[in-house]
Amino acid sequence: MGDRQRSAPAAPDGVDTERPSVARVYDWYLGGDQNWAIDREFGKRAVELFPQVKDVARQNRELLGRIVRAALEAGIRQFLDLGSGVPTVGNVHEVVREHLPEGEAATVVYVDYEPVAAAHAIVLLERDGSTDWSGLVQEDLRDADAVLTNRTTKRLIDFRRPVCVLMLAVLHFVGGDDQPDEIIAQYQQKLAPGSWLGISHITDENVPAEEVAAVRALADSYEHTSNPMWVRGSGELEPWFGAWPLLEPGLVPVADWRPDCALTPAGRRARPFGLAGVAARPS
Ligand SMILES: C[S@@+](CC[C@H](N)C(=O)[O-])C[C@H]1O[C@@H](n2cnc3c(N)ncnc32)[C@H](O)[C@@H]1O
């Protein structure tokens with residue numbers, strides 16, 4: 001993976017390569033190539049502080065695939081991925097394309113405010129000919145109105161039908177002052193019965209005492225990126241689903257949300273650091 005990472009492409013317009021970016025560092029954790037030296041340096045320091053960080057990121061990406069597959073099985077055909085990141089490894093639209101029953105149609109809207117994530121998503125969707133059924137909205141998810149009324153969102157999502165909204169590994173970049181519960185509620189209000197809301201979040205709950213300091217150090221290190229990070233527990237996350245009941249198995253470690261394979265030893269070490277839940281709007 002090192003070779004691919006050393007050959008990052010020229011930065012698209014508007015991309016700040018002087019400061020590490022959350023989207024690009026996450027891409028580096030996943031083994032992608034949309035990252036610059038400043039991101040890799042930051043990522044390497046993060047690994048020193050918190051050696052499980054790459055496995056935590058991978059578990060989260062695998063969760064994304066499991067939720068999308070489960071939503072497809074439940075009949076949902078529209079996906080709104082808020083804080084979608086650099087779409088290099090395991091995108092929603094790729095999972096949809098692979099698992100959508102033959103002859104059926106689905107749509108995907110990616111939302112990220114990071115220029116490199118946006119630029120790369122546009123190139124990628126154009127390159128693989130998916131732009132008629134998927135698109136990128138470069139907006140701040142905290143401005144739900146801007147996301148929901150964006151031309152691309154309106155073109156691809158029919159809010160009279162169920163939507164699977166994903167907020168995976170993104171709300172830990174939204175501070176309490178921004179009132180994440182109210183932001184989430186604004187999306188929920190717009191969604192039809194049968195819609196899903198999936199959330200995953202970094203946590204230090206149920207983490208061995210000696211590792212709490214490591215995850216806190218990781219969070220502190222994000223002070224110097226485009227996004228500071230907040231570590232939260234289930235007591236803070238559960239109310240975010242509002243009145244929507246959680247689907248089985250509830251709010252659980254990321255790796256335990258409907259797993260489809262056994263955990264590796266590295267996966268077991270990463271397991272305590274992420275929480276995930278998916279709720280559905282009752283009919
Ligand atoms: C850790 S990545 C997660 C990517 C993807 N959701 C996943 O789970 O694999 C977080 C992404 O959220 C984006 N992000 C953070 N805050 C955001 C905001 N307020 N609005 C839109 N995107 C945001 C970052 O730019 C980054 O690409």
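Computed from a predicted model, the values in this text were never measured in an experiment.

What is the right way to look at the overall build of the protein chain in this model?
Counting its regular elements, the protein chain contains 12 helices and 7 strands. Expected size for 283 residues packed as a compact globule is a radius of gyration near 19 Å; at 18 Å, the protein chain falls within 12% of this value. Dimensions of the protein chain along its principal axes, counting C-alpha atoms only, are 45 × 40 × 40 Å. In the protein chain, which comprises 283 residues, the share counted as buried stands at 54%. Within the protein chain, contacts between residues at least 6 apart in sequence are counted, and of these 76% link residues at least 24 apart. Here the protein chain has roughly 12500 Å² of accessible surface; of this, 49% comes from carbon and sulfur atoms.

Would you take a moment to explain the pairing of strand 7 (residues 274-280) for this structure?
On a regular strand, one side chain projects to one face of the sheet and the next to the other, so that they alternate. Strand 7 sits mainly inside the fold: 7 of its 7 residues count as buried. Burial along strand 7 is two-sided: G274, A276, V278 and A280 facing one way and L275, G277 and A279 facing the other are all buried. Both strand 5 (residues 196-202) and strand 7 contribute to a ladder of 7 bridges, which runs antiparallel. By the bridge assignment for strand 7, G198 is matched with V278. Across 2 bridges, strand 6 (residues 252-253) lies against strand 7 in antiparallel orientation. Residue V252 lies in a different strand from strand 7, and its bridge partner there is A276.

What am I meant to see in the packing of aromatic side chains here?
Aromatic rings considered in pairs are described by the distance between their centres and by the relative angle of their planes. A full pass over the atoms with the stated rule returns 4 aromatic pairs. The interplanar angle of 80° and the centroid separation of 4.7 Å between the aromatic rings of F50 and F273 together place this pair among those described as edge-to-face. Placement of F50 in the loop between helix 3 (37-49) and helix 4 (53-73) and of F273 in the loop between helix 12 (265-270) and strand 7 is noted, with a sequence separation of 223 residues between them. Across the pair, exposure class does not vary: F50 and F273 are buried alike. Ring plane angle 40° and centroid distance 5.8 Å describe the contact between F173 and Y222, whose orientation is recorded as tilted. Here the residue F173 occupies a position in the loop between strand 4 (164-168) and helix 9 (180-190), and Y222 occupies one in the loop between helix 10 (209-221) and helix 11 (234-237), the gap between them amounting to 49 residues. Taking relative accessible area as the criterion, F173 reaches 14% and is therefore assigned buried. The lysine or arginine in question, K54, covers the ring of W28, its NZ or CZ lying 4.2 Å from the ring centre.

About the cut-offs
Residues numbered from 1 in each chain as written. Predicted model: local features only at pLDDT ≥ 70, side-chain atom pairs only at ≥ 80, totals over all residues. Heavy atoms only, no water. Helix = DSSP H or I, 4+ residues; strand = E, 2+ residues; numbered from the N terminus. Rg over C-alpha atoms; globule rule 2.2 N^0.38 Å. Buried < 20%, exposed > 50% of the residue type's maximum accessible area, 1.4 Å probe, protein only. Contact = heavy atoms within 4.5 Å. Areas by Shrake-Rupley, 256 points an atom, 1.4 Å probe, with all protein chains shown as cover. Pairing = 2+ DSSP bridges. Phe/Tyr/Trp six-rings, centres within 6.5 Å; stacked < 30°, edge-to-face > 60°. Lys NZ or Arg CZ within 6 Å of the ring centre and 35° of its normal.

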